[in-house]
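Examining the three-dimensional arrangement
Letter by letter, the chains look like this.
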Amino acid sequence: MNRTRRVILLTAIAILMGGAMFAAAQAPAEKPDLTLTLKIGDPKLKDKVMDLGVGAILAGRTGQPVGFEKMIDEMMPARIVHVGESHNS
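What you see is a predicted model, and the numbers here were worked out from it, not measured in a lab.

As a further point, take the overall build of the protein. Looking only at helices and strands, the protein has two helices and zero strands in total. Out of the 89 residues belonging to the protein, those deemed buried represent 2%. Per element, the accessible surface of the protein, about 9000 Å² overall, is 61% carbon and sulfur.

Take a look at the structure:
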């Protein structure tokens, strides 16, 4: 392929790619992935705040300390266990 044809071919590819990128930028936003906004947990516990200590395991409903074995027993029937943590530094 001679130089002129190569330049024309590369220019055409660049124009097509630029057009495709412009079209993608103008495309409507995709719908959000609803699995990322899955409602989980008891709505009554939303925004509940508890004072925690290092290594503390507290019951969400009562805020009272729970032993490790009791926590495991209560989690066993659950299909999903969501574990969170908080950082203040």
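A few words now on a nonpolar patch on the surface. Residues Leu9, Leu10 and Ile13 make up a contiguous nonpolar surface patch of about 270 Å² in total accessible area. Position of Ile13 among the secondary structure elements: in helix α1 (residues 3–26). You can call Ile13 partly exposed: its relative accessible area is 40%.

Time to look at the environment of Met71. Looking at where Met71 falls in the secondary structure, it is placed in helix α2 (residues 68–75). Between the C-alpha atom of Met71 and that of Ile57, which follows or precedes it by 14 residues, the distance is 8.1 Å. Residues in contact with Met71, not counting those within four places in the same chain, are Ile57 and Val66.

Cut-offs applied
Residues numbered from 1 in each chain as written. Predicted model: local features only at pLDDT ≥ 70, side-chain atom pairs only at ≥ 80, totals over all residues. Heavy atoms only, no water. Helix = DSSP H or I, 4+ residues; strand = E, 2+ residues; numbered from the N terminus. Buried < 20%, exposed > 50% of the residue type's maximum accessible area, 1.4 Å probe, protein only. Areas by Shrake-Rupley, 256 points an atom, 1.4 Å probe, with all protein chains shown as cover. Patch = residues over 30% accessible without salt bridge, like charges linked within 9 Å, V, L, I, M, F, W, Y side chains within 5 Å. Salt bridge = Lys/Arg side-chain N within 4 Å of Asp/Glu carboxyl O. Contact = heavy atoms within 4.5 Å.

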